[in-house]
Structures are given as C-alpha cells and as structure tokens.
Amino acid sequence: MTTHSQPLHRCGRVVAVGPHYWPVLLAILGLLLVTVLATTQASAAASSMSMSMVGDARQQPGDEHQQQQQLVSHIPIKQRPKSLHEQSQFHTLLALQRHGHFLLAPHRRFQEDNIRAAYTDPLNLPLTNSLPTQSASYYGPVSIGTPPQTFYFDFDTGSSNFWVTSSSCSNCPLTQGYDHKRSSSYRKDGSHFKIQYGIGEVNGYLSRDTVHFNLVALGSNSNNNHHNITVRDIVFGEATSQQAQPARLPAAGLIGLAFKSLAVNSVTPLLDTLFDKKMIPKNVFGMYLSTAVTGDRQGMLTIGGYDSTLFRGPLVYTPIVHDRWYVIKVGQLRVGSHVIVGESSAIVDSGTSCLAGPSDDVNAIMERINIDVDCGGMDTAPNITISIAGHPFTITPKDYTLNMGGQCQVCIQGMNLPKSAPYRWTTPLLLLPVVT
C-alpha cells in the first residue's frame, strides 16, 4: 500500500513529510496540545484570583456558566506624565508640521535624530551687542541641563571648545554659574581641561549634559517662528578658574566654532555635533554683526547655512588655507588711496574686537587717521579697504571706531606674531563690512 505525504505550509514554505515521520509528528502535536491546555487552565486559575464577583448573591454555586459571565476584572490605569525632553520633542514635531514637515516613524517613539533631520533650512540665534556694557562683543542664549539653565555665550571663530562658568568657580566674574547638581541629565566626565587664549585662561573639568537652543526661522523675528533644538550628551567644560576673563559679563562662557583639530582634549565642537546628529542641514554657519545696540537685529548667528535676508549682493568665496583656524589670503590694504600692505594672510576671528597686525603697518595706518577721543574727525576720516579674493571690502570710520558713550577709540592695534604663525593679521568680524 502506498501512502502519499501531505504538504505542511509554514511561513509560506512547503515541506514534504514522509510516512515514517507521522508517528513522531502526532506525538509532538499531542504534547503541544497537552501543554496548551495546561497553560490555559493555569492562566484561568491565576486570573480568577484577581477578579471580583458581581451580580445576584442568590445565584446557585453549581451554575458555573453564569458565574463566568459575571466575572469582572478591575485594572487601574494611570497616565504617565511626559518628561521635559518628551514635551520638547512633541512641541518640535508640532512646529515642523506647521511648516509642512510630516514624519512617519511607526512602531517607535519620536527619536531625536528623526525629528531634527526634518530641519532642511538653516536657523538663526539672535545675538546682543554688548557695547553698552563697555565690551566689544556679541552674545546669545544657550541652555544646559534638565531642567534647562540658561546662560549667555560668546561665539568664537578663533577657538573650538565649549565651556561654561561652573557654580563652584572661586574667581569667576559670574556668581551663579552652571550647577550640574540641579540637572537630572548630567553625566560626569571629570577630565581636566585648560585653555589659553590671547587674553585670559580657563581651567576646569569636562562634563556631559543636554543642551537646548531656542532658534528662529530665517528672516523672522516673530515669537511664533521659534524652534527648540535639544541635543543630548554634549561634552563641554565646566570652568572652575579664570584668569583675565576671556569671556566678559554677561557671557558665562565661550562656544568655539573653529575646527576640531584646534579643540583642547580633542572634544568635538558643538557645531560638528549638531551636523553629525542631522540637526542642521550643513556644517556651515554665518555671523551677522551690526553696530545697533537696540532692537532685534543687533546680531545673528545662523547655523546650518546663511541668511540671505541679512545682506545684499552675491557672496564672495575664498579658500581657508589652514586646518585649525579660519586663515585666508588677503590682497592690498589701503587707507584712502594709500596702499599700506601688499598681499598677506589674516585670521577671521569673532573673538577679537580690533583689527590687529604688525606694528610698523599699524603705525602707518594710524598716521592717516585723526579721530579724537570726543569723536571729532569722524566725518573726515578715511575709509580702509581690504581686498579679499579680488573683491574690495570697505571699512568706514564708523566701523573701525568704537563709540562708548560719546568717547571714541580707533579699534586698530599693533601685534607682532612670531614668524612661524600661519597669519600676520587678525581681522575681527566686528570690522568687516555689514550691508543691511
């Protein structure tokens, strides 16, 4: 007698079973059936222990069918409150949807990288001109920790590290610095760091925490266009000691925007981290600094690109010729019609307030500029023209002179660097022409 095997379908595959396997297969099926029945009975018995009986108390004990129908299970349900991070993600998602960005992330919570990748446009961080406080710098707010602790920072293209005054600093001008004991998202690193600036020095240790940015859409100053970016586990320095105040009040620290090769302890710069986590579309930033000391356009840091509403005309591109600093080649420097310097090199440094260069060249410049302390001579002072990539950029007396409460100071100074230095001039962004 010939017995034909029947195919068994499992996950879309056909398996042929020969006749000599049937006794084994039946035994396995029988064992599985017994196991399922035993498990079902055990589950029913366990469930009955957590159920309460409702209905007619006069019901007969033998009527098991009616008893089972009247069993009700009471399971209390409580809503878990959202954390601050989840609330931030939720509001960010709503903001993205209002601007036409819709995300599909099935079977998982909103994840940081997925949400931030939807920012396809650069965003702005408004800056404040500190000139009324007798300081030639610009600062903007950034928050650290959970809940956020907000501080002002200088954004420095001449360095790469991110640090903030610690609450435990003994000689810092800021009396209430970052307190990691108040942050639930703080993580200890503990590595010592020391940074020497052109003016000043900071010492302390590295820490990790969540960093928050409150940014605005390009070309907008409306509160309705704010975007909150939250990035977790950022490495930064807690400064426990400062000398000569490299960051002046109200700034609590510096955020370096230069290359990682310049960073102390090889810490990844904050801008690089934002790009690596897909929170900004490009690893690019722009900086707009004006002479205004009031209003909402005193300065702007654009991250992820540039803001074309802050200038007119085409952009001029020039190569960066160094792997640590933003060093560029410059052509002639003229005061009026007089050529003072031929071709040279300069660092574009937002952390420097005044144009600085070799003393002999600076003396030649100052001989042709006669501006008094009381600001007399401003109207007749000559322009300074610097050539970059073959394009002339004009710096007016109003640009190269600091007016602090009616007292004027020409912001040009001598600085003799060693011959091994990769640049001869320091060109602060403050003195570069601004067209608005």
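Our subject is the structure that appears above.
Scope of this entry: the structure provided in the associated data block.

Definitions and limits used
- Residues numbered from 1 in each chain as written.
- Predicted model: local features only at pLDDT ≥ 70, side-chain atom pairs only at ≥ 80, totals over all residues.
- Heavy atoms only, no water.
- 1 Å grid on protein atoms, 1.4 Å probe; cavity = no way out; pocket = protein on both sides within 12 Å on 5 of 7 lines; lining within 4 Å.
- Points joined across faces, edges and corners; volume = space filled by probe spheres on them.
- Helix = DSSP H or I, 4+ residues; strand = E, 2+ residues; numbered from the N terminus.
- Nonpolar A, V, L, I, M, F, W, Y, C, P; charged D, E, K, R; others polar.
- Disulfide = S-S within 2.5 Å.
- Buried < 20%, exposed > 50% of the residue type's maximum accessible area, 1.4 Å probe, protein only.
- Pairing = 2+ DSSP bridges.
- Patch = residues over 30% accessible without salt bridge, like charges linked within 9 Å, V, L, I, M, F, W, Y side chains within 5 Å.
- Areas by Shrake-Rupley, 256 points an atom, 1.4 Å probe, with all protein chains shown as cover.
- Salt bridge = Lys/Arg side-chain N within 4 Å of Asp/Glu carboxyl O.
- Phe/Tyr/Trp six-rings, centres within 6.5 Å; stacked < 30°, edge-to-face > 60°.
- Polar contact = N/O pair within 3.5 Å; in protein donor to acceptor, adjacent residues only side chain to side chain.
- Contact = heavy atoms within 4.5 Å.
- Axes fitted to C-alpha atoms, helices over the stretch in contact; angles between N-to-C directions.
- Core = buried A, V, L, I, M, F, W, Y, C linked by side-chain atoms within 4.5 Å.

**Concerning empty space enclosed by the protein**
- Within the structure shown, the criterion is met by five cavities of 30 Å³ or more.
- Lining the largest cavity we find Leu 125, Phe 155, Phe 213, Leu 215, Ile 255, Leu 257, Leu 270, Leu 271, Leu 274, Leu 301 and Ile 303.
- When contributions to the lining of the largest cavity are tallied by element, the ones reaching two or more residues are strand E10 (201–217), helix H5 (270–276) and strand E14 (299–303).
- Looking at the second largest cavity, its volume works out to about 70 Å³.
- What lines the second largest cavity is Val 330, Gly 331, Leu 333, Val 341, Gly 342, Ser 344, Ala 346, Leu 355, Ile 386, Trp 425 and Thr 427.
- Mapped by element, the contributors of at least two residues to the lining of the second largest cavity are strand E18 (344–348) and strand E25 (425–427).
- The class makeup of the residues in the lining of the second largest cavity is seven nonpolar, four polar and no charged.

**What about the state of the cysteines?**
- On inspection of all chains with the given rule, the structure shows three disulfides.
- For Cys 169, the disulfide goes to Cys 172, at an S-S distance of 1.7 Å. Linking Cys 169 and Cys 172, the disulfide has an S-S dihedral of approximately 75° and is accordingly described as right-handed. An identical accessibility class is assigned to Cys 169 and Cys 172; each is buried.
- Across the disulfide from Cys 354 sits Cys 411; the S-S distance is 1.9 Å.

**Quick word on the pairing of strand E6 (residues 138–144)**
- Burial analysis of E6 places six of its seven residues in the buried class, which makes it a mostly covered element.
- Bridge analysis of strand E5 (residues 123–129) against E6 gives two bridges, and the strand direction is antiparallel. The residue bridging Thr 128 from the neighbouring strand is Tyr 139, located in E6.
- Here E6 pairs with strand E7 (residues 149–156) via six bridges, running antiparallel. Its bridge partner lying in E7, Pro 141 is registered against Tyr 152.
- The hairpin formed by E6 and E7 contains four residues between the paired strands, and Gly 145 there has a positive phi angle of roughly 95°.

**Some words on a nonpolar patch on the surface**
- Together, Tyr 306, Leu 315 and Tyr 317 give the surface a local cluster of nonpolar side chains, amounting to about 360 Å² of exposed area.
- Considering the arrangement of structural elements, one finds Tyr 306 in the loop between E14 and strand E15 (327–330).

**What about the packing of aromatic side chains?**
- Tallying each qualifying case throughout the model produces eight aromatic pairs.
- Here Phe 153 and Phe 162 contribute two aromatic rings whose centre-to-centre distance is 5.5 Å and whose plane-to-plane angle is 70°, an arrangement assigned as edge-to-face. A single burial state applies to Phe 153 and to Phe 162, both of which are buried.
- Here the aromatic rings of Tyr 178 and Phe 236 are separated by 5.4 Å at their centres, their planes lie at 75°, and the arrangement is edge-to-face. Here Tyr 178, found in the loop between strand E8 (162–165) and strand E9 (187–196), pairs with Phe 236, found in strand E11 (residues 226–243); they are 58 residues apart in sequence, far enough to count as distant.
- Residue classification places Phe 236 among the buried residues on the basis of a relative accessible area of 1%.
- In this structure an aromatic cluster arises from ring pairing among Phe 153, Phe 162, Tyr 178 and Phe 236.

**Let's talk about the pattern of salt bridges**
- According to the stated counting rule, one finds three salt bridges in the structure shown.
- Arg 208 serves as the salt-bridge partner of Asp 189, at 4.0 Å between the closest nitrogen and oxygen. Of the two residues, Asp 189 sits in strand E9 while Arg 208 sits in strand E10, which places them 19 residues apart along the sequence.
- Close ionic contact of Asp 233 with Arg 208 constitutes a salt bridge, the shortest N to O distance being 3.3 Å. Here Arg 208 lies in strand E10 and Asp 233 lies in strand E11, a separation of 25 residues in the sequence.

**Quick look at the layout of surface pockets**
- Roughly 1300 Å³ of volume is contained in the second largest pocket.
- Those elements giving two or more residues to the lining of the second largest pocket turn out to be E7, E9, strand E13 (285–289) and strand E22 (401–404).
- When residues in the lining of the second largest pocket are grouped by element, the largest group, three residues, is from E7.
- In terms of residue class, the lining of the second largest pocket is built from 29 nonpolar, 17 polar and four charged.

**Topic: the side chain of Asp 209**
- Positionally, Asp 209 belongs in strand E10.
- There is a polar contact of 2.7 Å between the side chain of Asp 209 and the side chain of Ser 183.
- Beyond its immediate sequence surroundings of up to four residues, Asp 209 is in contact with Ile 144, Gly 145, Thr 146, Tyr 178, Ser 183, Ser 185, Tyr 186, Val 231, Arg 232, Asp 233, Ile 234 and Phe 236.

**Thoughts on the sheet that holds strand E20 (residues 384–388)**
- Spatially, the four strands line up as an open sheet ordered E17-E16-E20-E21, and their pairing is antiparallel. This sheet does not close on itself; its edge strands, each paired only once, are strand E17 (338–341) and strand E21 (391–395). The average undirected angle you get between the axes of adjacent strands in this sheet is 30°.
- Two strands pair when backbone bridges link them, and strand E16 (residues 333–335) and E20 are joined in this way by three bridges, in the antiparallel orientation. Looking across to E20, one finds that Val 335 is bridged to Ile 384.
- Against the sheet, helix H6 (residues 359–366) touches E16, E17 and E20, its axis set at about 160° to E17.

**With respect to the nonpolar core**
- Among the nonpolar cores identified, the biggest contains 30 residues, and Val 142, Phe 153, Phe 155, Phe 162, Val 164, Phe 213 and Ile 255 are the most heavily contacted of them.
- Excluding residues that lie within four positions of it along the chain, Ile 255 makes contacts with Val 142, Phe 153, Asp 154, Phe 155, Asp 156, Asn 161, Phe 162 and Leu 270.
- Counting residues in hydrophobic clusters, the runner-up holds 24 residues, among them Val 362, Ala 381, Ile 412 and Trp 425.

**A few points about the environment of Met 287**
- Note that Met 287 resides in strand E13.
- Exposure remark for Met 287: the relative accessible area of 21% places this residue in the partly exposed category.
- Expressed as a C-alpha distance, the spacing of Met 287 and Thr 157, which sit 130 residues apart in the sequence, is 9.9 Å.

Just distances and angles here, no functional claims.
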